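Residues per chain, in single letters:
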Amino acid sequence: MSGTLGLVWLVKRETLRVWKLWTQTVLAPIISAALFIVVFGFSLGARIKEVEGFPYKQFIVPGLIVMAMVQAAYSNNASSVFQARSDRYINDVLSAPMRAWQMNLGFNVGGVIRALMIGAGLAAVAIPLTGVPVREPLVLVPAVLLGLVLFGALGTIVGIFAETFDHHTFVNNIVILPLAFVGGVFYSVDRLGSPWHELSHANPVFYLVNAVRYGFLGHADVSVWLSLGVLAGLAIPAYLWSQWLFSTGRKLKA
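Before going into details, it helps to say that this report is about the structure given with it.

Calculation criteria
- Residues numbered from 1 in each chain as written.
- Predicted model: local features only at pLDDT ≥ 70, side-chain atom pairs only at ≥ 80, totals over all residues.
- Heavy atoms only, no water.
- Helix = DSSP H or I, 4+ residues; strand = E, 2+ residues; numbered from the N terminus.
- Rg over C-alpha atoms; globule rule 2.2 N^0.38 Å.
- Contact = heavy atoms within 4.5 Å.
- Areas by Shrake-Rupley, 256 points an atom, 1.4 Å probe, with all protein chains shown as cover.
- Lys, Arg positive; Asp, Glu negative; His and termini not counted.
- Charge placed at Lys NZ, Arg CZ, Asp CG, Glu CD.
- Buried < 20%, exposed > 50% of the residue type's maximum accessible area, 1.4 Å probe, protein only.
- Salt bridge = Lys/Arg side-chain N within 4 Å of Asp/Glu carboxyl O.
- Core = buried A, V, L, I, M, F, W, Y, C linked by side-chain atoms within 4.5 Å.
- Axes fitted to C-alpha atoms, helices over the stretch in contact; angles between N-to-C directions.
- Parallel < 35°, antiparallel > 145°, perpendicular 65-115°, else oblique.
- Left-handed = near helix turned anticlockwise from the far one by under 90°.
- Phe/Tyr/Trp six-rings, centres within 6.5 Å; stacked < 30°, edge-to-face > 60°.
- Lys NZ or Arg CZ within 6 Å of the ring centre and 35° of its normal.
- Patch = residues over 30% accessible without salt bridge, like charges linked within 9 Å, V, L, I, M, F, W, Y side chains within 5 Å.

1. Side note on the overall build of the protein
Next up, step 1: Of the regular secondary structure elements, the protein holds 11 helices and 2 strands.
Next up, step 2: Counted from the first residue to the last, the protein has its helices and strands arranged as α-α-β-β-α-α-α-α-α-α-α-α-α.
Next up, step 3: Relative to the globule expectation of 18 Å for 254 residues, the C-alpha radius of gyration of the protein, 19 Å, shows essentially globular dimensions.
Next up, step 4: By its C-alpha atoms, the protein is 60 × 35 × 35 Å across when sized along the principal axes.
Next up, step 5: Of the contacts made within the protein by residues no fewer than 6 positions apart, 81% connect residues no fewer than 24 positions apart.
Next up, step 6: When the accessible area of the protein is evaluated, it comes to approximately 11,700 Å², of which 68% is carbon and sulfur surface.
Next up, step 7: Here the protein contributes 17 positively and 11 negatively charged side chains, and the mean placements of these two sets differ by 8 Å.

2. Here we look at the environment of N173
Next up, step 1: Looking at the secondary structure, you find N173 in helix α8 (residues 165–181).
Next up, step 2: Owing to a relative accessible area of 44%, N173 belongs among the partly exposed residues under this scheme.

3. Remarks on the pattern of salt bridges
Working definition: two side chains of opposite charge can pair if their charged atoms are close together.
Next up, step 1: Following the criterion strictly, the structure yields 1 salt bridge and no others.
Next up, step 2: When the shortest N-O distance is used, the salt bridge between E14 and R13 registers 2.7 Å.
Next up, step 3: Judged by relative accessible area, which is 31%, R13 ranks as partly exposed.

4. Focus: the nonpolar core
Next up, step 1: L64, I65, L122, F151, L208, V212 and F216 are the most contacted members of the largest nonpolar core, which totals 55 residues.
Next up, step 2: Of all the elements in the fold, those that place two or more residues in this core are α2 (22–48), α3 (56–59), α4 (61–86), α6 (100–130), α7 (137–161), α8, α10 (204–217) and α11 (224–248).
Next up, step 3: Looking at this core, the element that brings in the most residues is α4, giving 12 residues.
Next up, step 4: In contact with F151, not counting residues within four places along its chain, are V70, A73, Y74, I176, V205 and L208.
Next up, step 5: Within the second largest apolar cluster, 16 residues are counted, among which are A84, Y89, L94 and F107.

5. Topic: the packing of α10 against α11
Next up, step 1: In contact at an axis separation of 9 Å, α10 and α11 are set at 130 degrees when each is read in the N-to-C sense. The orientation of α10 with respect to α11, classified from their angle, is oblique. For the element pair α10 and α11, the recorded crossing hand is left-handed. Residues P204, Y207, L208, N210, A211 and Y214 of α10 touch α11, and the partners they reach there are V224, L226, S227, L228, V230, L231 and L234.

6. As for the packing of aromatic side chains
Next up, step 1: Applying the stated rule across the entire model yields 9 aromatic pairs.
Next up, step 2: A ring pair is formed by W19 and W22, whose centres lie 6.2 Å apart and whose planes are at 25 degrees; its orientation type is stacked.
Next up, step 3: In this structure W22 comes out as partly exposed when scored by relative accessible area, which is 39%.
Next up, step 4: Seen in terms of ring centroids, F36 and F40 are 5.6 Å apart; in terms of plane orientation they differ by 25 degrees. Their pairing is stacked. Of this pair, F36 and F40 both sit in helix α2, 4 residues apart, which is roughly one turn of that helix.
Next up, step 5: Linked through ring pairs, F36, F40, F181 and F186 together constitute an aromatic cluster.
Next up, step 6: Geometry around Y89 places R13 over its ring, the cationic atom sitting 4.0 Å from the centre.
Next up, step 7: Positioned above the aromatic ring of F59, the side-chain terminus of R213 is 3.8 Å from the ring centre.

7. A short note on the packing of α4 against α8
Next up, step 1: Between α4 and α8, the least distance of the axes is 10 Å, while the angle of their chain directions is 165 degrees. Judged by the inter-axis angle, α4 sits roughly antiparallel to α8. As for the relative orientation of α4 and α8, their crossing is right-handed in sense. Where α4 abuts α8, its residues M67, V70, Q71, Y74, S75, A78, S79 and F82 lie against F165, H168, V171, N172, I176, L177, A180 and F181.

8. Let's talk about a nonpolar patch on the surface
Next up, step 1: A contiguous nonpolar patch, built from W19, W22, L27, I31, L35, V38, V39, F42, V125 and L129 and spanning about 880 Å² of accessible area, is present on the exposed surface.
Next up, step 2: Listing elements by their share of the nonpolar patch, those giving two or more residues are α2 and α6.
Next up, step 3: With 7 residues, the single largest contributor to the nonpolar patch is α2.
Next up, step 4: Residue position: V125 is located in helix α6.

Interpretation note: all reported values are geometric properties and have no functional meaning in isolation.
In structure tokens form, the structure reads like this:
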């Protein structure tokens, strides 16, 4: 019972951490992504017209939602865990009557909630603005959850290993953001020539973008089952790795 109360307390803390700064943690990413839709969707859409049979302004919406959500899930968990280590607050969590899986879950929930708030807010703006449909919600839900588990767990892992605040921002700026931009957010990879077409299939964000795009448009560049399989094959080990770090106390116990 005490472990459950500890988990609830940790989840509440991580959620309040997001909500108290909601203009920075939620509103700002929504506005940034909405500007991408307006600038790229409507200005370039006048020239590009359609991609794979869909208006360009609709085609880019799923990818932009993915880009905003994965950055939020990663950044939230990386900064939260790193700050907890830096302030020695992590020692209070480790000494609390909680199991390792409860600690891991508690820290990861904050990133997932923040990302879902951003995704829901951006969808609420994009759907009336562009008319993008939601044709396969039963695919959209697991695709989003697997993506958030993957990048949330990655944030937790980096937050545990980071020695300075710049380390986790480095991963976001040098790894995650470039992978998102070349993951088919603004274009269909079917239009790429060799070897870029083949290299795109080694990008995990490519599969997340396509799974989410299928959830919205009912169309993707690769099999939706392959996309979900790749996401699950990456998300589960990543989450288990973060779980192992809490179980062993590696880099957490001074």
